[in-house]
Amino acid sequence: MSEVIEHTGRIQRIDGNRVQVLITQHSACSGCHAKAACTAADAAEKIIEAETDDASLQVGDTVTVCAQRSAGMLAVLLAFVIPFLLILLVLVVLRTWIDNEPLTGTIALASLVPYYIILSLFKGKLKSTFRFYIKKLS
């Protein structure tokens, strides 16, 4: 298994050593031959900001945006796994004290607000953890 996650994209903007690259993410089924007849096929465009020292890059160049797989796994952990476990934990704990299921569910969902506030406070540290770099395609 590769230790690097790669996406091909097109440079949208260059600001010093910061480059914004537009990538198109496709769902797993978007490569299917029946995708034109299927509503499950999905694609989304994302802008990724990366750093580079390559002065030869131009707006419109096709490049590969790379990141370490470990950073991707950490992102999944922070964005999906921990919030899921937090909701589950709050639900289990509150169900022992509160018999009102709608209230328990609302409180469990509301428990995500402090979690995401804490994540936003560490935005600078997370930004330095999730670093992207660019490889120019020949």
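Numbers given to residues run from 1 along each chain, matching the order in which its sequence is written. Only residues with pLDDT of 70 or above have their local features reported here, since the model is predicted, and side-chain atom pairs are shown and tallied only from 80 upward, although totals for entire chains, interfaces and linings are computed over all residues. Side-chain metrics rest on all non-hydrogen atoms present in the structure, leaving aside hydrogens and water.

Q: Where do I start with the pairing of strand β4 (residues 62-68) in this structure?
A: The two faces of a sheet get side chains in turn, since along a regular strand they alternate between them. With five of seven residues buried, β4 lies mostly within the body of the structure. We call two strands paired when DSSP finds no fewer than two bridges between them. Put simply, DSSP H or I for four residues or longer makes a helix, DSSP E for two residues or longer makes a strand, and each gets a number counted from the N terminus. Where strand β1 (residues 4-15) and β4 come together, seven bridges link them in antiparallel fashion. Considered in β4, the bridge of His7 is made with Val65. Only protein chains enter the accessibility calculation, which uses a 1.4 Å probe; a residue whose area is less than 20% of its type maximum is buried, one above 50% is exposed, and one in between is partly exposed.

Q: How should I be thinking about the environment of Ile107 in this particular structure?
A: Looking at the element boundaries, Ile107 is found in helix α2 (residues 101-110). Considering only alpha carbons, one finds Ile107 and Leu91, 16 residues apart in sequence, at a separation of 8.2 Å. Leave out the neighbours within four places in its chain, and Ile107 touches Val90, Leu94 and Ile98. Residue contacts follow a heavy-atom distance rule, with two residues in contact if any of their heavy atoms lie within 4.5 Å.

Q: Help me understand helix α3 (residues 112-121) in this model?
A: One turn of an α-helix holds 3.6 residues; hence residues three or four places apart share an orientation. Turning to α3, its buried residues number three or more, namely Leu112, Tyr115 and Leu119. Considered in projection along α3, the buried side chains sweep an arc of 60° and stay on one side of the axis. Check the buried side of α3 and you find it contacts α1 (69-95), α2 and α4 (123-129). This arc is taken over the directions from the axis of the helix to the C-beta atoms.

Q: Which parts of the structure should I look at to understand the side chain of Thr64?
A: Residue position: Thr64 is located in strand β4. Owing to a relative accessible area of 7%, Thr64 belongs among the buried residues under this scheme. If near-sequence neighbours (up to four positions away) are discounted, Thr64 is found in contact with Glu6, His7, Thr8, Tyr133, Ile134, Lys135 and Leu137.

Q: Help me understand the nonpolar core, please; the structure alone is not making it clear to me.
A: Across soluble globular proteins, nonpolar side chains have a tendency to be buried as a group. Among the nonpolar cores identified, the biggest contains ten residues, and these are Ile11, Val19, Val21, Ile23, Ile48, Ala50, Leu57, Val63, Val65 and Ile134. Mapped onto this core, the elements with two or more residues apiece are β2 (18-26), β3 (43-51) and β4. The dominant element in this core, judged by the number of residues it contributes, is β2, at three residues. Those residues in contact with Val19, other than ones at most four positions away along the chain, are Ile11, Arg13, Ile14, Ile48, Glu49, Ala50, Thr52, Leu57 and Ile134. Think of a nonpolar core as a cluster: buried Ala, Val, Leu, Ile, Met, Phe, Trp, Tyr and Cys residues, connected wherever their side-chain atoms sit within 4.5 Å.

Q: Help me understand the side chain of Asp61, please; the structure alone is not making it clear to me.
A: Note that Asp61 resides in the loop between β3 and β4. Pairing of N or O atoms within 3.5 Å defines a polar contact, subject to two protein rules: one partner must be a possible hydrogen donor and the other a possible acceptor, and residues neighboring in sequence count only if both atoms are side-chain atoms. A polar contact is formed between the side chain of Asp61 and the backbone nitrogen of Gln58, at a distance of 2.8 Å. Dropping the residues within four chain positions of it, Asp61 is found in contact with Gly9, Arg10, Ile11, Ser56 and Lys136.

Function cannot be read off these values alone, since they describe shape.
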